[in-house]
Amino acid sequence: MLTKFETKSNRVKGLSFHSKRPWILASLHSGVIQLWDYRMGTLIDRFDEHDGPVRGVHFHKSQPLFVSGGDDYKIKVWNYKLHRCLFTLLGHLDYIRTVQFHHDYPWIVSASDDQTIRIWNWQSRTCISVLTGHNHYVMCASFHPKEDLVVSASLDQTVRVWDIGALRKKTVSPADDMLRLSQMNSDFFGGVDAVVKYVLEGHDRGVNWASFHPTLPLIVSGADDRQVKIWRMNDTKAWEVDTLRGHMNNVSCVLFHARQDIIVSNSEDKSIRVWDATKRTGLQTFRREHDRFWILSAHPEMSLLAAGHDSGMIVFKLERERPAFSVNADSLFYVKDRFLRVYEYSTQKDTQLIPIRRPGSNSLNQGPRTLSYSPTENAVLVCSDMDGGSYELYIIPKDSYGRGDTVQEAKRGIGGSAVFVARNRFAVLEKSSNQVLVKNLKNEIVKKSILPIATDAIFYAGTGNLLCRAEDRVVNFDLQQRIVLGDLLTSFVRYVVWSRDMESVALLSKHSIIIADKKLVHRCTLHETIRVKSGAWDDNGVFIYTTLTHIKYCLPNGDSGIIKTLEVPVYITKIYGNTVFCLDRDGKNRPIIIDSTEYVFKLSLSSKRYDQVMSMIRNSELCGQAMIAYLQQKGFPQVALYFVKDERTRFNLALESGNIEKALESAKKIDEKDHWYRLGVEALRQGNAGIVEYAYQRTKNFERLSFHYLITGNVDKLSKMMKIAEVKNEVMGQFHDALYLGDVQERVKILENAGHLPLAYITASVHGLHDIANRLAVELGDNVPSLPEGKKASLLMPPNPVLCAGDWPLLMVSKGIFEGGLDDTGRDAEEDYEADADWGEALDIGEVENMQNGDTDMVLDEEAVHVEADEGGWDLEDLDLPPDTDTPKSAPNARASLFIAPNPGMPVSQIWVQKSSLAAEHATAGNFDTAMRLLNRQLGIKNFSPLRSLFLDLHMGSHTYLHASSLAPVISVAVERGWSESASPNVRGPPALVFNFSQLEEKLQAGYKATTAGKFSEALRHFVAILQIIPLIVVESRREVDEVKELIIIVKEYVLGLQMELKRKELTDNQVRQQELAAYFTHCKLQLPHRRLALLNAMTVCFKAQNLSTAAHFARELLETNPTAENQAKKARQVLQAAERNMRDVIQLNYDFRNPFVVCGFTYTPIYRGQRDVTCPYCSTHFVPSRQGELCTVCDLAEVGADASGFLCSPLQIR
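Small disclaimer: the values here were computed from a predicted structure and weren't measured.

## Remarks on the overall build of the protein chain
Okay, so step 1: Across its full length, the protein chain holds 32 helices and 61 strands.
Okay, so step 2: Per-residue burial over the protein chain gives 50% buried out of 1215 residues.
Okay, so step 3: Pairs at least 24 residues apart make up 48% of the contacts formed inside the protein chain by residues separated by at least 6 positions.
Okay, so step 4: Carbon and sulfur atoms form 50% of the exposed surface of the protein chain, whose accessible area is close to 58700 Å².

## Considering the packing of helix α14 (residues 744–753) against helix α15 (residues 757–766)
For any two helices packed against each other, the geometry is given by the interaxial angle and the distance between the axes.
Okay, so step 1: The contact between α14 and α15 brings their axes to 8 Å, and the two run at 165°. Judged on the interaxial angle alone, α15 and α14 are roughly antiparallel. Every pair of crossing elements has a handedness; the one defined by α14 and α15 is left-handed. Residue-level inspection shows Val744, Arg747, Val748, Leu751 and Glu752 of α14 in contact with α15, the latter providing Leu757, Leu759, Ala760, Thr763 and Ala764.
Okay, so step 2: Grouping the constituent residues of the contact of α14 with α15 by class yields 7 nonpolar, 1 polar and 2 charged.

## As for the sheet that holds strand β33 (residues 368–374)
Paired through their backbone hydrogen bonds, the strands of a sheet run either parallel or antiparallel.
Okay, so step 1: Sheet architecture is open: 4 strands sit in the order β33-β34-β35-β36, paired in antiparallel fashion. In this open sheet, the two strands that pair with only one neighbour each are β33 and β36 (411–414). In this sheet, adjacent strand axes meet at a mean angle of 20° when their direction is disregarded.
Okay, so step 2: As paired strands, strand β35 (residues 390–395) and β36 are joined by 4 bridges and run antiparallel to one another. Within β36, the residue paired with Tyr391 across the bridge is Gly413.

## Focus on the nonpolar core
Okay, so step 1: One finds Leu935, Phe1023, Ile1030, Tyr1178 and Cys1195 to be the most contacted residues of the largest nonpolar core, which totals 89 residues.
Okay, so step 2: When residues in this core are grouped by element, the largest group, 10 residues, is from helix α27 (residues 1038–1066).
Okay, so step 3: Among residues more than four places away in sequence, those in contact with Cys1195 are Leu1027, Gln1028, Cys1176, Tyr1178 and Cys1179.
Okay, so step 4: Leu218, Val274, Phe286 and Ile295 belong to the second-largest nonpolar core, a separate cluster that totals 58 residues.

## A look at the pairing of strand β43 (residues 473–478)
Looking along a regular strand, one sees the side chains alternate between the two faces of the sheet.
Okay, so step 1: Among the 6 residues that make up β43, 5 are buried, leaving the element largely enclosed by the rest of the structure.
Okay, so step 2: In this sheet, β43 lies alongside strand β42 (residues 465–469) in antiparallel orientation, the contact comprising 5 bridges. Pairing of Cys468 across the sheet is with Val475, part of β43.
Okay, so step 3: Between β42 and β43, which follow one another and run antiparallel, lie 3 residues.
Okay, so step 4: Examined bridge by bridge, β43 and strand β44 (residues 483–489) share 6 bridges and lie antiparallel to one another.

## A closer look at helix α10 (residues 689–698)
Okay, so step 1: Counted residue by residue, α10 has 10 buried out of 10 residues, so it is predominantly covered.
Okay, so step 2: For α10, the complete set of buried residues consists of Ala689, Gly690, Ile691, Val692, Glu693, Tyr694, Ala695, Tyr696, Gln697 and Arg698.
Okay, so step 3: Within two residues after α10, Lys700 carries a phi angle of roughly 50°, on the positive side.

## Some thoughts on the packing of aromatic side chains
Okay, so step 1: The final tally for this structure, using the stated rule, is 34 aromatic pairs.
Okay, so step 2: For the pair Phe5 and Trp36, a centre-to-centre distance of 5.4 Å together with 55° between the ring planes defines the contact as tilted. Of this pair, Phe5 sits in strand β1 (residues 2–8) while Trp36 sits in strand β4 (residues 33–37), and the two are 31 residues apart along the sequence. Taken individually, Phe5 and Trp36 each receive the classification buried, so the pair is uniform in this respect.
Okay, so step 3: Among the aromatic side chains, those forming a connected cluster through ring pairs are Trp23, Phe47, Phe59, Phe66, Trp78 and Tyr80.
Okay, so step 4: For Arg322, the ring lying beneath its charged end belongs to Tyr495, and the centroid distance is 3.7 Å.

## Here's the deal with the pattern of salt bridges
Okay, so step 1: For the coordinates displayed, the defined rule picks out 45 salt bridges.
Okay, so step 2: Linking Glu321 and Lys317 is a salt bridge whose minimum nitrogen-to-oxygen distance equals 3.1 Å.
Okay, so step 3: The exposure class assigned to Glu321 is buried, which follows from its relative accessible area of 15%.
Okay, so step 4: Of the residues examined, Lys317 reaches a relative accessible area of 4% and is grouped as buried.
Okay, so step 5: One salt bridge connects Arg473 with Asp487, and the closest N-O pair in it is separated by 2.5 Å. One end of the pair, Arg473, is in strand β43; the other, Asp487, is in strand β44, and 14 residues separate them in sequence.

## A short note on unusual backbone geometry
Peptide bonds are trans in most cases, and residues, glycine excluded, mostly fall at negative phi.
Okay, so step 1: The residue Tyr73 is not glycine, and still its phi comes out positive at about 65°.
Okay, so step 2: Within the secondary structure layout, Tyr73 lies in the loop between β7 (65–70) and β8 (74–79).
Okay, so step 3: Judged by its relative accessible area of 36%, Tyr73 falls in the partly exposed class.
Okay, so step 4: Residue Gln1106 is not a glycine yet carries a positive backbone phi of 65°.
Okay, so step 5: As for its position among the elements, Gln1106 is in the loop between α29 (1088–1104) and α30 (1108–1120).

## Quick look at a nonpolar patch on the surface
Okay, so step 1: Nonpolar side chains collect at one region of the surface, where Leu684, Phe707 and Ile711 lie side by side and expose about 280 Å² of accessible area between them.
Okay, so step 2: By the element assignment, Leu684 lies in helix α9 (residues 673–686).

## Focus on α9
Okay, so step 1: Here α9 contains 14 residues, and its C-alpha end-to-end distance of 20 Å stays within 8% of the 20 Å for a straight helix at 1.5 Å per residue.
Okay, so step 2: For α9, the set of buried residues is His675, Trp676, Leu679, Gly680, Glu682 and Ala683.
Okay, so step 3: Where α9 is buried, its residues contact α7 (647–656), α8 (660–670) and α10.

## Observations concerning the packing of α10 against helix α11 (residues 702–712)
Okay, so step 1: Packing of α10 against α11 leaves a shortest axis separation of 9 Å and a crossing angle of 155°. Taken together, α10 and α11 sit at an angle that is classed as roughly antiparallel. Handedness of the α10/α11 crossing: left-handed. On α11, the residues that touch Ala689, Val692, Glu693, Tyr696 and Gln697 of α10 are Arg704, Leu705, His708 and Tyr709.
Okay, so step 2: Per-class residue counts for the contact of α10 with α11 are 5 nonpolar, 2 polar and 2 charged.

## What about the confidence of the model for the protein chain?
Okay, so step 1: For the protein chain, per-residue confidence averages 84 on the pLDDT scale, and 88% of positions sit at 70 or higher.
Okay, so step 2: Throughout residues 824–896 the model reports pLDDT below 50, and contacts reaching past four residues in sequence, or to other chains, amount to 87 contacts.

## Examining the sheet that holds strand β9 (residues 84–90)
Okay, so step 1: Strand order in this open sheet of 4 strands is β6-β7-β8-β9, and the pairing throughout is antiparallel. Each having just a single partner strand, β6 (54–59) and β9 make up the two edges of the open sheet. Across the sheet, the axes of successive neighbouring strands diverge by a mean angle of 20°, strand direction being ignored.
Okay, so step 2: As paired elements, β7 and β8 share 5 bridges and run antiparallel to each other. Within β8, the residue paired with Gly69 across the bridge is Ile75.

## Remarks on the side chain of Asn465
Okay, so step 1: Residue placement: Asn465 occurs in strand β42.
Okay, so step 2: Residue classification places Asn465 among the buried positions, given a relative accessible area of 13%.
Okay, so step 3: Every residue in contact with Asn465, bar those within four places of it in the chain, is listed here: Val421, Phe459, Tyr460, Asn476, Phe477, Asp478 and Leu485.

## Brief notes about the pairing of strand β10 (residues 96–101)
Okay, so step 1: Of all the 6 residues making up β10, 6 are buried; the element is thus mostly covered by neighbouring parts of the structure.
Okay, so step 2: Both β10 and strand β11 (residues 107–112) contribute to a ladder of 5 bridges, which runs antiparallel. The partner of Gln100 across the bridge, within β11, is Val109.
Okay, so step 3: Adjacent in sequence and paired antiparallel, β10 and β11 are bridged by 5 residues.

Rules of the game
- Residues numbered from 1 in each chain as written.
- Predicted model: local features only at pLDDT ≥ 70, side-chain atom pairs only at ≥ 80, totals over all residues.
- Heavy atoms only, no water.
- Helix = DSSP H or I, 4+ residues; strand = E, 2+ residues; numbered from the N terminus.
- Buried < 20%, exposed > 50% of the residue type's maximum accessible area, 1.4 Å probe, protein only.
- Contact = heavy atoms within 4.5 Å.
- Areas by Shrake-Rupley, 256 points an atom, 1.4 Å probe, with all protein chains shown as cover.
- Axes fitted to C-alpha atoms, helices over the stretch in contact; angles between N-to-C directions.
- Parallel < 35°, antiparallel > 145°, perpendicular 65-115°, else oblique.
- Left-handed = near helix turned anticlockwise from the far one by under 90°.
- Nonpolar A, V, L, I, M, F, W, Y, C, P; charged D, E, K, R; others polar.
- Pairing = 2+ DSSP bridges.
- Core = buried A, V, L, I, M, F, W, Y, C linked by side-chain atoms within 4.5 Å.
- Phe/Tyr/Trp six-rings, centres within 6.5 Å; stacked < 30°, edge-to-face > 60°.
- Lys NZ or Arg CZ within 6 Å of the ring centre and 35° of its normal.
- Salt bridge = Lys/Arg side-chain N within 4 Å of Asp/Glu carboxyl O.
- Patch = residues over 30% accessible without salt bridge, like charges linked within 9 Å, V, L, I, M, F, W, Y side chains within 5 Å.
- Expected span 1.5 Å × (residues − 1).
- pLDDT = per-residue confidence, 0-100.

Here is the structure:
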């Protein structure tokens, strides 16, 4: 069984395949109907209006409808496009078991526990016939696929066949009057529309299912007597043909396979059984562990089956449908209907060669799986799954071409797979010993080779080479030299396709394609949501492949796209130009013509064959949003411009490619405010002042226009803007313009007119306009504002512009190939741009001074431009046009003065991290996220807050900052580690780091010093700081790597010991715990002077608490260290003497010095040897198992027990 899709849900009672789409309906015992896409494996919709289990469900053949029947006695007809129930048919008086649409007429047949079968017209929504006769529950009823018959099965142990011919005549074509008369008579006198044609009796228990054969006059039934029976019928009678026994419980459902001569049944014995319909023997059994089967459904057009069980359903095929084939030069060898055939591509002639023997066993999936052909010897290897994998070797006689009847004895053998590796040698995989047997054409072993990986299949990889497939990788293996030529990690590879020159290979998995070269160096990977079926290379080096629904292409750079949609899956065998040759599932050769323009265009673009791109743009109909998006994505918006007719898209592309003239053309045609605004922004970025001004004028954006005139120093136009603002009565705009111009009198006038007399008075006073100030003071009377004492006024006067700036100067650069070759509109556009001096709609402000505000609208709304002698309209004749419009048509030395803009290089920070796995270098480059991910992966660090300031120090310390000029931004310069003057300027070194190993040694000494002095908090700070800096250290030699790792252990021991000692000092009232912590401190691996102090400390604490035995132990330990300080040795000897008189402990401690232990970093309790513990992946402190997943209390960085790959602090470790 080849399972295609599986669901987990409530018990599935009804199933139905859609005839065209990859959909299946499943009705559940919970009352829900699910609609699944079995190709994508997704739930599309769910319908839950039924009350109680839904036992029957069926799709309509052509309409977007399905019908369902449930235990609520209701039949519901649904429209899946509208996602709702259209209507409900009521009439049955008990549970409804099955429902089915008629294939032609607007009928539904339903079977019910009320012992009747009803036929309904779903268009008139009425019941048109009730079939009565069964005397127990009717378990199923279905229409015959071609004739006017219905078959039903009931728990009364019978199967009935009903003739509904009269019903068809009555409802479908009551045309002539005689028919209508007889119909009236039958209506009056109780005529019957449906009569029982046969009653099939033979089952000993209730019958659960009966179904017709799709073409033959056969019926199959399954019952509670655990038997499957086959019945034959003719015009007059029906009889039992045979009984199939084997099920161990009630048979739930049984049907004939649509495309194969088999019967499929399932049962409450948790099995699906497949039977040979002609031999009437069991072929195969598929069992489930815990789930009883209830329903089967067959796809109306494909070889798919579905089975519903207690916890969901499965969609499956019984046999592979891919024909075995092998391509050689102009010929295709393939197996069809037990014959080896050859198809010649050039003549499209198909010839039968020799018969292939039938498999001896009675199970499915024993047909040929792969084929390998040797052209020189005319030999064919056919591999199948028979006997767990076997092969047959046929030599095709030269005279058999065209006859195909010579039966020939094949040479056979057992092997996972077999392929030709040379002219007269083939390799056979022996899975048990994981070796390849090389054999000659007499089937004799010539050589054996052990394979480098556990291989489950082999493929041809050039003469003498094999591609070995394992679960997660493929290896290219040379059989002669017995060496591995290449190795590639992949998902499970199903098919291998080599290019004609054997330089490229495509590895096809279930949902992905990997393209690699012959050494298995990875080039690109493609992922598909539905299954990949086959593929072949075309002459351009493009890989063409098929999925279940499409023919697609994959370019060498990994770009892919759809060429054609498929009705049915096909298997590509070869590609000639625009013709794709395929085999379909019936073994027929089909040439499919494709349009290769799109992928050839993309290939030319990616391989920079621009001449070909140019000719394709001119000659072909390449267009569409997808192509435009592709060109944009690949950085060719200027090319996309030539595909686009839509002005809005043209405008966007022109802006993206910086083609301001093309954008202007489109903006004029679109003429919308938003587009003018965006054009203005881009023109400003390019320094094209003329277009900026024009864009602002078109949108009447006076504020921006005023500011534009201010920054370009155009004082004349700025004063005109002020007059326009006055005319339009925009006080704020007028005031701003007066500010920009430094026109104080105008500002006073505006404030006075607006009624702000105090502000007008202050402005006039400050600026020395005493006449106006006095006049305003009189008007203000007593309300004259006082100026602040002792403050010096500063003038709000803008600096005078040195010159009125036009467009930015532009360099002469050579046009790109596309602008030069394709731009046939460029010349006209330029001349048009030059001529249009008025920039379209202008604003006439000729007589503004003499007008009243009320009359201004008339002037502003007029389209015609009145150029007055004194004012001259907008005066746009003096616009500085872009330099390229003033250049001569063809300068003789234009080439010499061209400037080629340099390509931007890669930022240093990116170079630093390109191949680095060191967190410190990523932090230096500012890639904090990656640095954190690396630290998490390498050391299990999850608390990054202590490292935040260190990250910032690293980043800031790796750059120096230079001031260029007062207005320019600061220039950041990367500082490299180990830089020297002799180094090449083109080779970038690693970043300079602010932390180094020598600093840590200084901190360590400071920590030691503080410990000796008894400043434990200060010492702890030093040691914790070291632990936090170490992850961001980079060293250059192996010796230093070892020293850093050693330092982690030293510091960790001190941090743990000092934490315990500080904790002990807090516990003033708990003597027992004080002694324990002092005792544990002595077990930390400290420097000798510090260990002596710890031992002295523990001895003193225990002695004071009268634990003399333990105190004596510490005294002995202390004396063994040969203390240099005499008072320490003296004290230890005194304690020993006192203890020897009374060698006992008053209090029992949780401390056994004889049993080796480590101290838990959180609970500060001993973990004795043999007890379970977890460790910190960074500082390796031990913890009790309950601390798994918590933050380490010693380093305060890593997660206890986390998986980590190990500490990296040197480039040497990576190499």
